[in-house]
Amino acid sequence: MSDSPVVRLEKDGDIGVIIVNYPPVNALGPGVSEGIIDSLNTANADPSIKAMVLIGDGRSFIAGADIRGFGTGRKRAPIGQRTYDVLDASAKPVVAAIHGFALGGGLENAMACHYRIAVPSAKVGLPEVLIGILPGGGGTQRLPRLVGAQTALEMITSGRHVPAPEAAKLGIIDEVLPDGTNLRESAVAYARKIADIRPLPRVRDKTVTAEQGVFDACRKSIARRARNQKAPYHCIAAVEAACTLPFDDGIRREAELFAELETSDEAKALRYAFFAEREVAKLPDLPTNVAPYDFEKPAVIGAGTMGGGIAMSFADFGYDVKIMDASQEGLDRGMERIRNNYATSVKRGSLAEDEMNRRLARIHLVAGYDDIANCDVVVEAVFERMDVKKPIFEKLDEVMKPGAFLFSNTSALDMDELASVTKRPEYVAGTHFFSPANVMKLLEVVRPSKASPETLMTAMAMGRRIGKISAMAGNTDGFVANRSRAPFNSEMVILLEEGCLPEQVDQVMIDFGYPMGPFAVGDLAGLDIGAEGRKRRALANPNYRKLPIADKLVEMGRFGQKTSAGWYRYEKGDRTPHPDPEVAAIIRQVAAEMNVPQKDFTPTEILQRLLFSSVNEACKILEEGKAYRASDVDVMWLHGFGFPRYRGGLMYWADGIGVKTVYAQIASWHQQYGERWAPSRLLRALAETNTPFREAKPAPFA
Ligand code: 3HC
């Protein structure tokens, strides 16, 4: 009836059906809002139409505003002429028919409709805070009017996706349709049913008030996670306006607050992170006619902390998973740990007890290789030593059915060497999970030279199916994440030699936005683990920069939290790190023995010493073709190391300082400290042409 490439109006008897068609997720891209407005005007002017349905084609209702348009100087329609306003002013009722996602501007449009119905699998939410802005299409004014201030605050400051049944309970959705119903047909029938009801129910006409103290309590509750950020606080201020101002004034306040955020540094960084996370899934040098294998039967070898966490990840996402270990005792201990982990989540209220039981029932302990021979994916997660892993891969090669994928959870071992013990190296790849494996989002997929495209795609897809963000890494010592992080780990100890204390370095990194300082993290992970790696590297490389202070602590049995002493001291049963004068004395003593001149450091010097060393290493990784793009390094730092998301990632942050400045500083430290600061060739080339890191062209993947 009415046609635009992205929105069309069809007639279904006396009901006008407005269909948004902007693949893949119906974001409000160019022409979409205008198309909806045109269709509404046409339908309102057509006497044969009594009511309208707003619905999305394809896999979603509307996923929100087009994020690519933000910060580009785009023109926003003035208040009064936006889709929300036109929906509000419609003389005939409009029913939003929701499937897939109604997020951000999508939910805001739905809330400006007079009725909302959804299929049970639909999800709704206002996730704007996650990209550093606030709901700017009336969401901060309408949602509190539907669900109350408290719930609106929780949804808007978390950005979480709310499943349709819960949204119905909260009052966002009027009706959830039975499973399997045809959404369009049901929406048309619903529209016919409500067509004559007047006055039209408009969310803007509802009132909302808030109990005293709600907003301050919310500010307090988000203080930790919202550190250094504006958007969460602006979200609260906008909801507060909904409770204290008339609707139109509240909308104006929302617009003012939105304008302050759209081009903020945090919004730019968060938008960058959003797209970097989508880019990382793309494997540009693999053939496009190969698809990942649709695996169904995963198995995990090794019921230790990592193996247990990996098995939980499979179970959490609906997979029946087999887990085996060298001994029954190991299996029992592993299962006990898994049970305890789930029980803690139940106690915290983040997991329902019946869901815990369903997940536990999916984890099957098996006694030996024969029991897993028929699985299509095996993740080996035993002790991190080549001589332990090799016999396991030999055995897997012998027993596993043809075509099974053999993955190793390793954080540093040579995957080519491991694959070479099998007669099917094309089916072997590394899958480096981060600890705790059931919690951490990053899965680094390590690419040995003989792995087939199908194997690599299957490993990447496996990660996504169990809730991870998969990122491809080359087979280089430490792969991409740990290799780029390694110089940071050395530099933080070298800073101590030169006059810093652990608590001083930790404070700088906490102020920067990390949840914990790197020394406190070291104590949590165990200092003995790093010492093993240093020994291995020192044997392999006579020029390896030793870290005598770290070695000394390990020699003294200070392994971290598990021995109540590491970089800090700990009280029994308490994880709070306390600065330890004994550590300070060891540091000064070793520094004196090494004859290192002592100096005072500014926070900026500390920050740059740590992060620039990693930027330089990341450039070496890119120039060697061990990663596809600088933004993949960023994704790894965000999800593997807790880098503050509102700073975009390591390389994005460095771009904020400027490639020339970074190069000049690294070159000067090269003069001062020698070889470990030698600038990478790529870094020098980027500085010469003033090309940002995120536009760097790495060597072809090797
Ligand atoms: N704008 C622009 N592009 C978007 C987009 C958006 N809002 N949402 C998704 N896309 C793009 C992705 O970049 C990706 O592109 P690519 O194929 O070129 O890489 C493609 O759509 C598919 O996205 P996903 O891979 O993420 O698809 P999924 O099915 O895994 O997830 C989703 C779907 C849950 C909708 C997820 O894409 C998402 O969370 N999108 C963002 C939702 C959002 O933040 N909405 C609020 C926007 S701000 C707003 O509305 C402001 C308003 O208040 C004024």
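The model shown is predicted, which means the values in this text are computed figures rather than measured ones. Along each chain, numbering runs from 1 in the same order as the chain's sequence is written. Given that this is a predicted model, residues contribute local features only at a pLDDT of at least 70 and side-chain atom pairs are listed and counted only at 80 or more, while totals for whole chains, interfaces and linings are drawn from all residues. Hydrogens and water molecules were not included; the side-chain quantities draw on all heavy atoms of the structure.

A. Up close: the overall build of the protein chain. Put simply, DSSP H or I for four residues or longer makes a helix, DSSP E for two residues or longer makes a strand, and each gets a number counted from the N terminus. Of regular secondary structure, the protein chain possesses 28 helices and 20 strands. We take the radius of gyration over the C-alpha atoms and set the globule estimate at 2.2 Å times the residue count to the 0.38 power. Relative to a compact globule of 702 residues, whose C-alpha radius of gyration would be 27 Å, the protein chain shows 28 Å and is just as compact. Accessibility here uses a 1.4 Å probe with only protein chains present; expressed as a share of the type maximum, an area under 20% marks a residue as buried, one over 50% as exposed, and anything in between as partly exposed. For the protein chain, with 702 residues in total, the buried portion stands at 55%. The contacts of the protein chain with a sequence gap of at least 6 include a subset with a gap of at least 24, amounting to 73%. Shrake-Rupley sampling with a 1.4 Å probe provides the accessible areas, and residues are treated as covered by the protein chains on show and by no other component. Summed over its atoms, the accessible surface of the protein chain is roughly 29700 Å², and 52% of this surface lies on carbon and sulfur atoms. Each charge class in the protein chain can be summarised by its mean position, and for the 86 positive and 89 negative side chains these summaries are 1 Å apart. Residue contacts are counted whenever heavy atoms from the two residues lie within 4.5 Å of one another. The sign given to each residue is positive for Lys and Arg and negative for Asp and Glu; His and the chain ends receive no count. To locate a charge, take atom NZ for lysine, CZ for arginine, CG for aspartate or CD for glutamate.

B. Expanded view of the state of the cysteines. Throughout, a disulfide means two cysteine sulfur atoms within 2.5 Å of one another. Going through the model one piece at a time under the given rule, you end up with zero disulfides. With no disulfide of its own, Cys-218 has Cys-235 as its nearest cysteine by sulfur position, at a separation of 9.2 Å.

C. Region of the structure containing the packing of aromatic side chains. Only rings of Phe, Tyr and Trp enter the pairing, Trp through its six-membered ring, and a pair is recorded when the two centres are within 6.5 Å. The plane angle decides the type: under 30 degrees is stacked, over 60 is edge-to-face, the rest tilted. In this structure the tally under the stated criterion is 23 aromatic pairs. Geometrically, the ring pair formed by Phe-512 and Trp-653 is edge-to-face, given 5.8 Å between the ring centres and 85 degrees between the ring planes. Taken together, the residues span a long stretch of sequence, with Phe-512 in helix α19 (residues 502–512) and Trp-653 in helix α26 (residues 650–657) at a distance of 141 residues. Each member of the pair, Phe-512 together with Trp-653, is buried. Three or more aromatic residues joined by ring pairs form one cluster here, namely Phe-434, Phe-488, Phe-512, Tyr-514, Phe-612, Trp-637, Phe-641, Phe-643, Trp-653, Trp-669 and Trp-677.

D. Layout of the site of the ligand. Any residue with a heavy atom positioned within 4 Å of a molecule or strand is treated as near that molecule or strand. Around the ligand there are 27 residues in total, and Arg-59, Gly-105, Glu-108, Glu-128 and Arg-278 lie nearest to it. Here a polar contact means two N or O atoms within 3.5 Å. Within protein one must be a hydrogen donor candidate and the other an acceptor candidate, and residues neighboring in sequence count only if both atoms are side-chain atoms. Gly-136 is positioned such that a nitrogen or oxygen atom in its backbone is 3.0 Å from an oxygen atom of the ligand. A total of 980 Å² of accessible area belongs to the ligand in isolation, and the protein chains cover 78% of it. Sorting the residues of the shell around the ligand by element identifies β6 (64–65), β8 (101–103), α3 (105–112) and α11 (265–279) as the ones contributing at least two each. Here the shell around the ligand takes three residues from α11, the largest share from any one element. Gly counts as polar in this scheme, as do all residues outside two lists: the nonpolar Ala, Val, Leu, Ile, Met, Phe, Trp, Tyr, Cys and Pro, and the charged Asp, Glu, Lys and Arg. Looking at the shell around the ligand residue by residue, the classes come out as 14 nonpolar, five polar and eight charged.

E. Molecular detail of helix α21 (residues 527–540). Here a helix's expected span is defined as the number of its residues, less one, multiplied by 1.5 Å. End to end, α21 covers 21 Å across 14 residues, agreeing with the expected 20 Å (1.5 Å per residue, within 8%). For α21, the set of buried residues is Leu-527, Ala-531, Gly-533 and Arg-534. Taken down its axis, α21 places every buried residue within 165 degrees of arc, on the same side. For α21, exposure combined with an orientation more than 90 degrees from the buried face picks out Ile-529, Glu-532, Lys-535, Leu-539 and Ala-540. Against α20 (518–525) and α22 (548–555) lie the buried residues of α21. In this description, the arc belongs to the directions extending from the helix axis to the C-beta atoms.

F. Here's a closer look at the packing of helix α12 (residues 305–316) against helix α13 (residues 328–348). Orientation is described by lines fitted to C-alpha atoms, with helices fitted over the stretch in contact, and by angles between N-to-C directions that extend from 0 to 180 degrees. Here α12 crosses α13 at 55 degrees, and the two axes come no closer than 10 Å. Put simply, α12 runs oblique to α13. When the axes of α12 and α13 are compared, the crossing they make is right-handed. For the pair α12 and α13, contact is made by Thr-305, Gly-308, Met-312, Ala-315 and Asp-316 and by Arg-337, Ile-338, Asn-341 and Tyr-342, respectively. Grouping the constituent residues of the contact of α12 with α13 by class yields four nonpolar, three polar and two charged. Small angles under 35 degrees read as roughly parallel and large ones over 145 as roughly antiparallel, with 65 to 115 read as roughly perpendicular and the rest as oblique. Each helix crossing is assigned a hand: it is left-handed if the near helix lies turned anticlockwise from the far helix by less than a right angle, otherwise right-handed if that turn is clockwise.

G. Spotlight on empty space enclosed by the protein. With a 1 Å grid laid over protein atoms only, a set of points is called a cavity when a 1.4 Å probe fits there but cannot get out and a pocket when it is open yet has protein on both sides within 12 Å along at least five of seven lines; lining residues have an atom within 4 Å of a point. Grid points are joined across faces, edges and corners, and a volume is the space filled by probe spheres set on the points. Under the defined criterion, the tally for this structure stands at one cavity of 30 Å³ or more. In this model, the largest cavity occupies a volume close to 40 Å³. Around the largest cavity, the lining residues are Ala-303, Gly-304, Thr-305, Gly-308, Gly-309, Met-312, Gly-334, Arg-337, Ile-338 and Asn-341. Going through the elements one at a time, α12 and α13 are the ones with two or more residues in the lining of the largest cavity. Of the residues belonging to the lining of the largest cavity, the class tally is three nonpolar, six polar and one charged.

H. A look at the side chain of Gln-141. Relative to the assigned elements, Gln-141 resides in helix α4 (residues 139–147). Taking relative accessible area as the criterion, Gln-141 reaches 0% and is therefore assigned buried.

I. Layout of the packing of helix α18 (residues 481–497) against α22. Closest axis-to-axis distance for the α18/α22 pair is 8 Å, and the angle between their directions is 90 degrees. By the angle between their directions, the pair α18 and α22 is classed as roughly perpendicular. When α18 is examined against α22, the residues Val-493, Leu-496 and Glu-497 are found in contact with a partner set consisting of Pro-548, Ile-549 and Ala-550. For the contact of α18 with α22, the class distribution of residues is five nonpolar, no polar and one charged.

J. View of the environment of Arg-160. Tracing the chain through its elements places Arg-160 in the loop between α5 (149–158) and β11 (162–163). For Arg-160, a relative accessible area of 27% puts it in the partly exposed group. As a C-alpha pair, Arg-160 and Met-306 span 146 residues in sequence and 28 Å in three-dimensional space. A polar side-chain atom of Arg-160 sits 2.7 Å from a polar atom in the side chain of Glu-166.

K. Representation of helix α8 (residues 214–222) in the model. Within α8, burial applies to Val-214, Phe-215, Cys-218 and Ile-222. Looking down the long axis of α8, one finds its buried residues gathered within 95 degrees of arc, a one-sided arrangement. Turned more than 90 degrees from where α8 packs its buried face, Asp-216 and Lys-220 sit exposed. Residues of α8 that are buried in the fold lie against α5 and α9 (231–244).

L. The arrangement of the nonpolar core in detail. What we call a nonpolar core is a set of buried Ala, Val, Leu, Ile, Met, Phe, Trp, Tyr and Cys residues that are connected through their side-chain atoms within 4.5 Å. Core analysis: the largest hydrophobic core is formed by 99 residues, its most contacted members being Ile-372, Leu-396, Trp-567, Leu-611 and Phe-693. Note that the domain bounds reflect an automated or database-derived domain assignment. When residues of this core are assigned to domains, at least three map to each of domain 2 (298–477) and domain 3 (499–600). When near neighbours in sequence (up to four residues on either side) are disregarded, Ile-372 contacts Ala-299, Ile-301, Lys-322, Met-324, Val-366, Val-378, Leu-396 and Met-400. In this structure, Ile-55, Leu-183, Val-188 and Leu-257 belong to the second largest nonpolar core, which totals 87 residues.

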